Amino acid sequence: MKHVTLAVVLAPLVAACGGGLKLTMVQSAAARPSNVAVFFAVDTSAGDPVPGLQATDFRIYEDDGLVSVNESRQTIVNPEVAAEHYTLLLVDMSGSVTESGQVPLIVQAAQSFTSQLEQYQKVAIYAFDGSEEIHPIVPFARARGGAAASVGALGNFHPTDPSTNLHGAIVQGIQVLDEALAESEIPLHFATLVVFTDGTDHAARVSFDDMTAALGEVTYDVFAIGVGNEIDESTLGRIGHSGYRRVEDTSGVQQAFTEIGQRIVGYTQRFYLLSYCSPARAGTHRVTIEAVTPDATGEVTYEFDATGFGPNCDPANVPRLELPVARQRRPARAHGRAGAGVRVGGRATVGVGAGAGAGAGAGADSNPEDGAQ
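Everything quoted here is computed from the prediction, not taken from an experiment.

### Points about the overall build of the protein chain
Working step 1: When helices and strands are tallied, the protein chain shows eight helices and 18 strands.
Working step 2: When the 373 residues of the protein chain are sorted by exposure, 55% land in the buried category.
Working step 3: A sequence separation of at least 24 residues applies to 75% of the contacts in the protein chain between residues at least 6 apart.
Working step 4: Total accessible area on the protein chain stands at roughly 15,000 Å², and carbon and sulfur atoms take up 49% of it.

This is the structure we're talking about:
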């Protein structure tokens, strides 16, 4: 990373677990007069999200010295100013589904799922059958909200091809998500793909290897919900590498959607944008942010250059956070591995993948001449 004259550079050094919490740096920035902003995620050491922390739950150290809360005026800024989250729900509407008489239950579950998520992120719903192309039911909108009210259109869907193009639908779903991320006007963005199906691929338009290759390249979470015994558990686990839910019949679909939705919301709320005013006025400084809860602690350390810093800082003016150079998947849950599942009540299998996404990346240069947003 290049140091430019009068530029302020923040560079993340480590993501540390400390005493039971894992803080993962996503991005950081700084700008004159003395604004510092850090966007990071907080998880338990087992990989579970930690939502709901307040500014007072964090301690800021510069060069190992505690920075006074009164001096730093540290605050948690709405992370939506820095990051945008997208979820695409891909629903199997092949002939075996539409002719089963269970479409109303699926629509109800999809509506609840969408209502659960769109409070926090943008949601789109696409249907697939045996056709080459997936069918938009509710595309991503520029403004968040309103998707749940349109999910009912799924109940009027009639397949043009009764076969099942599962592999092709997943590849196309990835493309739709990638296009939405590319069009986002928010500096940082994250995505999730959720696949609902009642069986295996029969159309053979896209091979299993090509589908898994496409899944292997994504930097975001992919969850899967499988109904019935046609789709084998290993395939479901390969699709839902972040987690999957298998139910024997549609009576368990609502619960499956709810559980997956809770996980997605939890991972959305694990992100924090901490902004503060640095007391430093020159030089490079080592900064540690420590999260403290009644049961655990954790920290993340980074460096910044305070050249040109001065008074009159307002922590509400957040320096612009640029898109990370690379996004990494969320660390694996300590008790999970790809394809692993547990039987619940004799009726469902819950799997936890080893590659759940995080979106952690490298720091970016911030030019103080640009000022705060």
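### Let's talk about the state of the cysteines
Working step 1: Within this structure, the stated rule accounts for one disulfide.
Working step 2: Note that C277 is cross-linked by a disulfide to C313, the S-S spacing being 2.1 Å. As the torsion about the S-S bond is roughly -80°, the C277-C313 disulfide counts as left-handed. You can see C277 sitting in strand β13 (residues 271-277) and its partner C313 sitting in the loop between β15 (297-305) and β16 (341-344), a full 36 residues away along the chain.

### Some words on the side chain of H167
Working step 1: Relative to the helices and strands, H167 is located in helix α5 (residues 166-183).
Working step 2: Ignoring sequence-local partners within four residues, the contact set of H167 consists of D201, V206, S207, F208 and M211.

### Some remarks on the pairing of strand β8 (residues 122-128)
Working step 1: Counting buried positions along β8 yields seven of seven residues, so the element is predominantly enclosed.
Working step 2: Burial along β8 is two-sided: K122, A124, Y126 and F128 and V123, I125 and A127, pointing in opposite directions, are all buried.
Working step 3: Strand direction decides the pairing type here: strand β7 (residues 83-92) and β8, joined by seven bridges, are parallel. Each bridged residue has a counterpart across the sheet, and for D92 the counterpart in β8 is F128.
Working step 4: As paired strands, β8 and strand β9 (residues 135-138) are joined by three bridges and run antiparallel to one another. Bridge pairing in β9 links I125 to V138.
Working step 5: Between the end of β8 and the start of β9, which pair antiparallel, lie six residues.

### A look at the sheet that holds strand β3 (residues 35-44)
Working step 1: An order of β2-β3-β13-β6 is seen for the four strands of this open sheet, with the pairing classed as antiparallel. In the strand order of this sheet, the two ends are held by β2 (21-31) and β6 (75-77), each with one partner. Strand-to-strand twist in this sheet, taken as the mean axis angle between neighbours without regard to direction, amounts to 30°.
Working step 2: Sheet analysis places β2 next to β3, joined by 10 bridges and oriented antiparallel. Looking at β3, one finds that T24 is bridged to A41.

### Some words on the pairing of β13
Working step 1: Taking burial as the measure, the seven residues of β13 include seven buried ones, the bulk of the element.
Working step 2: Burial along β13 is two-sided: the face carrying F271, L273, S275 and C277 and the face carrying Y272, L274 and Y276 are both buried.
Working step 3: Across seven bridges, the pairing between β3 and β13 is antiparallel. If you follow A41 over to β13, its bridge partner there is F271.
Working step 4: Pairing between β6 and β13: three bridges, direction antiparallel. Along β13, the bridge assignment pairs I76 with L274.

### A look at the packing of aromatic side chains
Working step 1: For the coordinates displayed, the defined rule picks out 10 aromatic pairs.
Working step 2: Arranged with centres 5.6 Å apart and planes meeting at 65°, the rings of F58 and Y272 form a pair that is edge-to-face. Note that F58 is positioned in strand β4 (residues 58-62) and Y272 in strand β13, a separation of 214 residues in sequence. Y272 shares its class with F58; the two are buried.
Working step 3: Ring geometry for F304 against F309: centres 5.9 Å apart, planes inclined by 25°, an arrangement best described as stacked.
Working step 4: For F304, a relative accessible area of 0% puts it in the buried group.
Working step 5: Three or more aromatic residues joined by ring pairs form one cluster here, namely F39, F190 and F271.
Working step 6: One Lys or Arg, R270, reaches over the ring of F271 and ends 5.1 Å from the middle of that ring.

### So, the confidence of the model for the protein chain
Working step 1: Confidence in the prediction for the protein chain averages 82 pLDDT; 80% of positions are at 70 or higher.
Working step 2: The model gives residues 1-15 a pLDDT under 50, and that stretch makes 56 contacts with residues more than four places away or in other chains.
Working step 3: With pLDDT under 50 throughout, residues 325-373 is counted as low confidence; its partners more than four residues away or in other chains account for 153 contacts.

### Section: the pattern of salt bridges
Side-chain pairing between opposite charges can occur once the charged atoms of the two side chains come close.
Working step 1: Taken as a whole, this structure holds six salt bridges when the rule is applied.
Working step 2: Here E290 and R59 are joined by a salt bridge, their closest N and O atoms 3.8 Å apart. Of this pair, E290 sits in strand β14 (residues 284-292) while R59 is found in strand β4, placing the two residues 231 residues apart along the sequence.
Working step 3: Looking at E290, the relative accessible area reads 14%, which means it is buried.
Working step 4: Judged by relative accessible area, which is 41%, R59 ranks as partly exposed.
Working step 5: The shortest N-O distance in the salt bridge between E259 and R245 comes to 2.6 Å. Here E259 is found in helix α8 (residues 253-268), whereas its partner R245 is found in strand β12 (residues 243-247), with 14 residues between them in sequence.

What counts and what doesn't
Here the residue index of a chain counts from 1 through its sequence in written order. Selection of residues for local features in this predicted model requires a pLDDT of at least 70, selection of side-chain atom pairs for listing and counting requires 80 or more, and totals for whole chains, interfaces and linings are taken over all residues. By convention in this description, side-chain values take in all heavy atoms of the structure and omit both hydrogens and water. Numbering of helices and strands starts at the N terminus; helices are DSSP runs of H or I of at least 4 residues and strands are runs of E of at least 2. Residue burial is assigned from relative accessible area. The probe radius is 1.4 Å, only protein chains are included, and a residue is buried under 20% of its type maximum, exposed over 50%, and partly exposed in between. Here, two residues are considered to be in contact whenever any of their heavy atoms come within 4.5 Å of each other. Note on areas: Shrake-Rupley, 1.4 Å probe, and residue coverage restricted to the protein chains presented here. Disulfides are defined in this document as cysteine sulfur pairs within 2.5 Å. Paired strands are those between which DSSP finds at least two bridges. In this description, a line fitted to the C-alpha atoms serves as the axis of each element, helices being fitted only across the stretch in contact, and the angle between N-to-C directions of two axes falls anywhere from 0 to 180 degrees. Two rings from Phe, Tyr or Trp (for Trp, the six-membered ring) form a pair when their centres sit within 6.5 Å of each other. Planes less than 30 degrees apart are called stacked, planes more than 60 degrees apart edge-to-face, and all others tilted. Two conditions define a charge sitting above a ring: the NZ of Lys or the CZ of Arg must be within 6 Å of the ring centre, and it must be within 35 degrees of the ring normal. One confidence number per residue, pLDDT, is output by the predictor and ranges from 0 to 100. Salt-bridge detection follows one rule: a side-chain nitrogen of Lys or Arg within 4 Å of a carboxyl oxygen of Asp or Glu.

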